[in-house]
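This is what each chain is made of:
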Amino acid sequence: MEQMHVLSVLVENHAGVLSRIAGLFSRRMYNIDSLSVGVTENPDVSRMTIVTHADDATLTQIKNQLAKLVNVIQIDELRKDSAVLREHVLVKVSAADKAGVMQICDIFRANIVDISTEIMTAELTGGPSKINAFIDLMDQYEVKDLVRTGLTGLFRG
């Protein structure tokens, strides 16, 4: 049975590494649900957080294939019980009911980061279920646009 898996992959910070990893997934018909990449505390190393749905056998294949790539340093699976997993979202909504939008933002501890007479933009960081609930409630205020970063995370402690 397929489940969501979050892989934290440390890679050498070189041009083309992202392309090789995305190509590996593409060639083998594995889907990437989200992908977040950024440099770590060491400027020579980047962390890729890859979210995919796979059964146990496929996940093992993915990890084995990633491990064969020259620029891959380390592969870890981040689990909800042992890692902090977060997403970031920006949502543009109609400013027709500013008080209603601000009330939802207060409840979720979201920030209004831009406002005009017609549009309000809110940002929120949290787990996927919090992000989904926020977006669902913002739908009533005519969502004009939104962008999500995808999951990123680190082991606890």
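Residues numbered from 1 in each chain as written. Predicted model: local features only at pLDDT ≥ 70, side-chain atom pairs only at ≥ 80, totals over all residues. Heavy atoms only, no water.

Trainee: I'd like a description of the overall build of the protein chain, backed by residues and values.
Mentor: Helix and strand content of the protein chain: four helices and nine strands. For the protein chain, the succession of helices and strands along the chain, N to C, is β-α-β-β-α-β-β-α-β-β-α-β-β. Here the C-alpha coordinates of the protein chain stretch approximately 55 × 40 × 35 Å along the principal axes. Within the protein chain, the fraction of its 157 residues that count as buried is 38%. Long-range contacts, defined as pairs at least 24 residues apart, comprise 71% of the intrachain contacts of the protein chain with a sequence gap of at least 6. Summed over its atoms, the accessible surface of the protein chain is roughly 9100 Å², and 50% of this surface lies on carbon and sulfur atoms. Computing the positive centroid from 16 side-chain charges and the negative centroid from 20, the protein chain places the two 4 Å apart. (Helix = DSSP H or I, 4+ residues; strand = E, 2+ residues; numbered from the N terminus. Buried < 20%, exposed > 50% of the residue type's maximum accessible area, 1.4 Å probe, protein only. Contact = heavy atoms within 4.5 Å. Areas by Shrake-Rupley, 256 points an atom, 1.4 Å probe, with all protein chains shown as cover. Lys, Arg positive; Asp, Glu negative; His and termini not counted. Charge placed at Lys NZ, Arg CZ, Asp CG, Glu CD.)

Trainee: Tell me about the pairing of strand 5 (residues 83-94), residues and numbers included.
Mentor: Relative to strand 9 (residues 152-155), strand 5 runs antiparallel, the two being bridged by four bridges. Bridged to Arg86 within strand 9 is Thr152. The pairing of strand 5 with strand 8 (residues 143-148) spans five bridges and is classified as antiparallel. By the bridge assignment for strand 8, Lys92 is matched with Asp145. (Pairing = 2+ DSSP bridges.)

Trainee: How would you sum up the packing of helix 3 (residues 98-108) against helix 4 (residues 128-138)? Please name residues and give values.
Mentor: Helix-helix packing is described using two parameters, namely the angle between the two axes and the distance between the axes. For the pair helix 3 and helix 4, interaxial distance at closest approach is 11 Å and the crossing angle is 170 degrees. Taken together, the axes of helix 3 and helix 4 lie roughly antiparallel to each other. Our pair here, helix 3 against helix 4, has a crossing hand that is right-handed. Where helix 3 approaches helix 4, its residues Val101, Ile104, Cys105 and Phe108 are matched on the opposing element by Lys130, Ala133, Phe134, Leu137 and Met138. (Axes fitted to C-alpha atoms, helices over the stretch in contact; angles between N-to-C directions. Parallel < 35°, antiparallel > 145°, perpendicular 65-115°, else oblique. Left-handed = near helix turned anticlockwise from the far one by under 90°.)

Trainee: Outline helix 1 (residues 17-27), listing residues and values.
Mentor: What helix 1 keeps buried is the set Val17, Ile21, Gly23, Leu24 and Phe25. Residues of helix 1 that are buried in the fold lie against strand 1 (3-12), strand 3 (45-54), helix 2 (56-68) and strand 4 (72-78). Where helix 1 ends, the next residue or the one after it, Met29, has phi of about 65 degrees, a positive value.

Trainee: Would you mind going over the sheet that holds strand 1 in detail, with residue names and values included?
Mentor: A sheet is described by the order of its strands in space; here four strands give the open sequence 2-3-1-4, paired in antiparallel fashion. Looking at strand neighbours, the two that pair on one side only are strand 2 (34-39) and strand 4, the edges of this open sheet. Sheet twist, expressed as the mean angle between neighbouring strand axes with direction ignored, is 20 degrees. Strand direction decides the pairing type here: strand 1 and strand 4, joined by six bridges, are antiparallel. Each residue of the ladder has a partner; that of Val6, found in strand 4, is Leu78. On top of the sheet, helix 1 reaches strand 1, strand 2, strand 3 and strand 4; it is set at about 15 degrees to strand 3, its chief contact. With respect to the sheet, helix 2 is in contact with strand 1, strand 3 and strand 4, its orientation differing from that of strand 1 by roughly 5 degrees.

Trainee: A description of the nonpolar core should follow, citing residues and the corresponding values.
Mentor: Within the largest apolar cluster, 17 residues are counted, with the highest numbers of intra-cluster contacts made by Phe134 and Met138. Counting residues per element, the ones that place at least two in this core are strand 5, helix 3, strand 7 (119-126) and helix 4. Leave out the neighbours within four places in its chain, and Met138 touches Val91, Val93, Val101, Ile104, Cys105, Ala122 and Val143. Counting 15 residues, the second-largest nonpolar core is a separate cluster that includes Leu7, Leu24, Leu66 and Val72. (Core = buried A, V, L, I, M, F, W, Y, C linked by side-chain atoms within 4.5 Å.)

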